[in-house]
Structures are given as C-alpha cells and as structure tokens.
Amino acid sequence: MSIIREGYYFAGTALIIALIAGILINPYAAILPGVLACYCLYFFRNPERKIPADENLIVSPADGTVQDIVHLEDDEFIHAPCNKVIIFLSVFDVHVNRAPIAGEIKVQKYICGRFRPAYKDSVGFENERHLIGLDNGKMRVTVTQIAGILARRIVSWVTLDDKLEKGELYGLIRFGSCTEIVVPENVEVKVKKGEKVRGGETIIGVIRG
C-alpha cells in the first residue's frame, strides 16, 4: 500500500510538532500530534486495486457507502436520461478518486459553494465541488467530487483533454466528503443504497446491449 504525496506533508508536520512538544514540554505532550501523524498516513493511503478490464463494466470512482441512487431526466454533459449514484466517504474511507471508465476529459468545472455535512441531500447543489466529464467515444460519464463540513480542499491532478485509463487516480478530497457518478440510462446500475463500494474495483454499472 502506498501513501499519496500530500500525506507525507501532513504527517511530517504533525511529527515535527510532536518532536517539539516532547522536547519543550514533556513526552506526554507528543502523544496527540504523534497519533495525528499516524492518522494522516492512514487517511492518505492508496491501496492497490484490481481494475476489471471489460469495457462494459463501470467501476466506482471512490470508496465509501452508496447514499442514494437518483434518476435524472437529463444531464448537461450526457444530454440524455441517466442515473446518479451518490457515494458518501467517511473520515475512515480511502479518499483518492479513480476514473470509472477509460476516456478523455471533455468537461471540467470547479464550482465554489458551501461546506455543509457531506451526508445532506442538498450538498450536490450547494457545496463546493469539482466535476469532470469523461467521453470514450461509446459513452459519457460525469464524476463530481463534493466537499463536506471537514473536507475543505478538493485536489485534482488532471485538466481538460487529459486521457484517463479506467481506475486511474485523478484526485482526492481531504477529510470526509461525497462523490457522485452519473451514467446513461442504458447502464444497468449494479449497486444498492447502503452498499459499501471500493474505488476502481466495485462494479457500479454494466452497459446493456
């Protein structure tokens, strides 16, 4: 299991604080920042995942719990009836995001907003978020990273016209959040509300026909 680069910065800072507190105050004062350093390494973990090769399989863009599945009459990128799967990430879930399909980023938007708790139904409309639209010539999919009350920083490592492989890392959300994936109606959604999913590995949907 690897650690995302940002994790070393946060963990290193906490370790320096622990060292200073241990020297200038007493050894017990180093316990809390030491525990925080360990948690940072845990939070920014990037476990290896087995990405299914079948082009008809769409994988989860994030680890977490399926909060809801919503039917939409239209989507500004897909331009057709579709279904949205909302995934809630707790502070204990892996927080890196992965591409659900192989494709090229045709749309990228960063929308400023509020920082309400990520489990609230309205966060996809009110909270700060980052959206990418992937197109592989056969289908279009949108994925949105949504900030929460603790997640005040959405990180993206991609830009418009970048090409992603299925399961490839493209960003993360720091400290508790929500991720939404919107798929066309011809995709049979294979997950249910309340189900735990793993980014890059759990099959979110299967293309019919």
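Residues numbered from 1 in each chain as written. Predicted model: local features only at pLDDT ≥ 70, side-chain atom pairs only at ≥ 80, totals over all residues. Heavy atoms only, no water.

Undergrad: Pulling in residues and values, what's your account of the overall build of the protein chain?
TA: Looking only at helices and strands, the protein chain has 3 helices and 16 strands in total. Counting the 209 residues in the protein chain, one finds 50% classified as buried. For the protein chain, the exposed surface amounts to about 10,500 Å²; the carbon and sulfur share of it is 59%. (Helix = DSSP H or I, 4+ residues; strand = E, 2+ residues; numbered from the N terminus. Buried < 20%, exposed > 50% of the residue type's maximum accessible area, 1.4 Å probe, protein only. Areas by Shrake-Rupley, 256 points an atom, 1.4 Å probe, with all protein chains shown as cover.)

Undergrad: Which residues make up the packing of helix α1 (residues 5–24) against helix α2 (residues 31–43), and what values go with them?
TA: It is at 8 Å that the axes of α1 and α2 come closest, and there the two elements cross at 170°. Accordingly, the angle class assigned to the pair α1 and α2 is roughly antiparallel. Contacts between α1 and α2 involve Gly7, Tyr8, Phe10, Ala11, Ala14, Leu15, Ile17 and Ala18 from the former and Pro33, Gly34, Leu36, Ala37, Cys40 and Leu41 from the latter. The residue inventory of the contact of α1 with α2, partitioned by class, reads 12 nonpolar, 2 polar and no charged. (Axes fitted to C-alpha atoms, helices over the stretch in contact; angles between N-to-C directions. Parallel < 35°, antiparallel > 145°, perpendicular 65-115°, else oblique. Contact = heavy atoms within 4.5 Å. Nonpolar A, V, L, I, M, F, W, Y, C, P; charged D, E, K, R; others polar.)

Undergrad: How would you summarise the pairing of strand β4 (residues 64–72) if you had to cite specific residues and measurements?
TA: Looking at chain direction, β4 and strand β15 (residues 196–197) are connected through 2 bridges and run antiparallel. Each bridged residue has a counterpart across the sheet, and for Thr65 the counterpart in β15 is Lys196. Taken together, the 7 bridges between β4 and strand β5 (residues 82–89) define a ladder with antiparallel strand orientation. From the neighbouring strand, Ile69 faces β5, where its bridge partner is Val85. (Pairing = 2+ DSSP bridges.)

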